[in-house]
Amino acid sequence: MLKTIREYLSVIGQTFIQEFRLIFSDSAVSSSYIGATILVSILYSYTYSHEIITDLPIAIVDQDQTQISHRITRMVDATQQVKIEYSSLNLHTARDLFNRGKVKGIMVIPHDFSRKLQQGGKPGISVYCDASYMLYYKQLLTSVTTAVGTFSAEVEINKLMGSGLPQKQAMASRRPVEAISKPLFNPGGGYGTFLMPVVFLIIVQTLQISAIGVLGGTQKERKLYTQLYSHVKKPLGTIPVLLGRAGTYTVISSLIMILQVGLIMPLFNFPQRGNPIEVVIFLLPFILSVTFLGITLTNFFKSREDALMVVTLSSIPAVFLCGVSWPTVAFPEWAKIISYFFPSTLGAKGFIEITQFGASLSEIKKVWAGLWGITLFYFILALLTLKRLSFLEQETEKRIISQ
């Protein structure tokens, strides 16, 4: 028994070192898995480090041309979100500017705006937003709504003061209930803070599976499995081989994730509120499940190129199904079930809760347990995969010898 354990530990160590050599001897694998992962993480972080859009160019169509309309125009231009680049008297000219991409939205003040306001009416201001790009839409609408809301409040307060109320009482009558809004975990409302933690995990998942697939495809093409991992021929021999390979990818991906969390996130001012040690502990089953998933997928890769195509195509569904672009509570049941087969779904949920919400590992133990469940599931499939690949190569060798 002790001899068997020593033998297994020896195989794990040998496989661990051999997998390192295979990764670094293949320039395509090492550059994509390690180099591209770090480079893409930095480039994405730099791109999204400017958290919010400011000075969005818009056009103003002021058909009223009064002091009131000019004041509203100045108030809108003074907001952080937009900048009035063009002013016109007719909507046709502004629409042409929008179609040519010169502006991202149009605000129209009608010709009877001041007259209706002075008569006690409720004039309207039209805003044309590019709703196909939600960030542009949000910035323009927020800017105009804020400016017009402030102006409307001033008008109402002035009316109340004109009726004899003191300023303080008039302001209290205008807003009897004060709403205090405090955004949690993302005070600046930045897109990068919301997106990048998930992107880090998707990058590691995609490029790690790609690296495993490229190596696996190469080994299948050249019939190298039994030669490289000869211990798989023995009873239960796939277990130490699988653990040795998993150890290699766990070390590399853990170092990459530590770099992302410990250096890249602080460098670009993305918050990291969790315990760094708990972050690493939580990511362990995520990296292991990604490794076992990658080995399982080698069943479908006949060549190096197959791995690149399949993994690249699967990365997009992984992003959508993890709930970053649309909440998982709004998913149909079948989509929820499929999403849990991607390690990034539970991985992203727990990673965000630790790094952004400041949760402890004990508070997300159900998510962590779920990740271990996925890890066990793909561990079994990976064992079967290694056994199958070994069996197929041995059968091929027997046929060649018999011929």
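It should be emphasised that the depicted structure is a prediction, and the values quoted were computed from it without experimental measurement. (Residues numbered from 1 in each chain as written. Predicted model: local features only at pLDDT ≥ 70, side-chain atom pairs only at ≥ 80, totals over all residues. Heavy atoms only, no water.)

Points about the overall build of the chain
A count of helical and extended segments in the chain gives 15 helices and four strands. The principal-axis extent of the C-alpha atoms belonging to the chain is close to 100 × 45 × 40 Å. The buried share of the chain, taken over its 403 residues, is 41%. The long-range share in the chain, meaning contacts at least 24 apart out of those at least 6 apart in sequence, stands at 79%. For the chain, the exposed surface amounts to about 21,700 Å²; the carbon and sulfur share of it is 63%. When the 36 positive and 25 negative side-chain charges of the chain are each reduced to one mean point, those points stand 5 Å apart. (Helix = DSSP H or I, 4+ residues; strand = E, 2+ residues; numbered from the N terminus. Buried < 20%, exposed > 50% of the residue type's maximum accessible area, 1.4 Å probe, protein only. Contact = heavy atoms within 4.5 Å. Areas by Shrake-Rupley, 256 points an atom, 1.4 Å probe, with all protein chains shown as cover. Lys, Arg positive; Asp, Glu negative; His and termini not counted. Charge placed at Lys NZ, Arg CZ, Asp CG, Glu CD.)

Remarks on the packing of helix 8 (residues 191–221) against helix 11 (residues 276–297)
The N-to-C vectors of helix 8 and helix 11 enclose an angle of 35 degrees; their axes lie 8 Å apart at closest approach. The two elements helix 8 and helix 11 cross, and the hand of that crossing is right-handed. Across the interface between the two elements, Leu-201, Gln-205, Gln-208, Ile-209 and Ile-212 of helix 8 pack against Leu-283, Phe-286, Ile-287, Val-290, Thr-291, Leu-293, Gly-294, Ile-295 and Leu-297 of helix 11. (Axes fitted to C-alpha atoms, helices over the stretch in contact; angles between N-to-C directions. Left-handed = near helix turned anticlockwise from the far one by under 90°.)

So, the environment of Pro-332
Structurally, the position occupied by Pro-332 is in the loop between helix 12 (304–321) and helix 13 (333–339). Overall, the relative accessible area of 39% leaves Pro-332 in the partly exposed class. Distance from Pro-332 to Ile-52, taken between C-alpha atoms, is 32 Å for residues 280 residues apart in sequence.

Let's talk about the confidence of the model for the chain
Confidence along the chain averages 85 in pLDDT terms, with 92% of residues attaining 70 or more. Highest mean pLDDT in the chain belongs to helix 11 (94); lowest belongs to helix 7 (residues 167–174) (63). (pLDDT = per-residue confidence, 0-100.)

A closer look at the nonpolar core
Among the nonpolar cores identified, the biggest contains 72 residues, and Tyr-33, Leu-242, Phe-282, Leu-283, Phe-292 and Phe-351 are the most heavily contacted of them. If you list the elements that add at least two residues to this core, you get helix 1 (2–25), helix 2 (27–48), helix 8, helix 10 (238–267), helix 11, helix 12, helix 14 (343–355) and helix 15 (365–402). Among the elements that make up this core, the one with the highest residue count is helix 8 (15 residues). Beyond its immediate sequence surroundings of up to four residues, Phe-292 is in contact with Leu-242, Ala-246, Thr-375, Tyr-378, Phe-379 and Ala-382. (Core = buried A, V, L, I, M, F, W, Y, C linked by side-chain atoms within 4.5 Å.)

Some details on unusual backbone geometry
One non-glycine residue, Asp-55, adopts positive backbone phi at about 55 degrees. Tracing the sequence through the fold places Asp-55 in the loop between helix 2 and strand 1 (56–62). Unusually for a residue other than glycine, Gln-65 sits at a positive phi of about 55 degrees. Secondary-structure assignment places Gln-65 in the loop between strand 1 and helix 3 (67–77). A residue is classified by how much of its surface remains accessible, and Gln-65, at 43% relative accessible area, is partly exposed.

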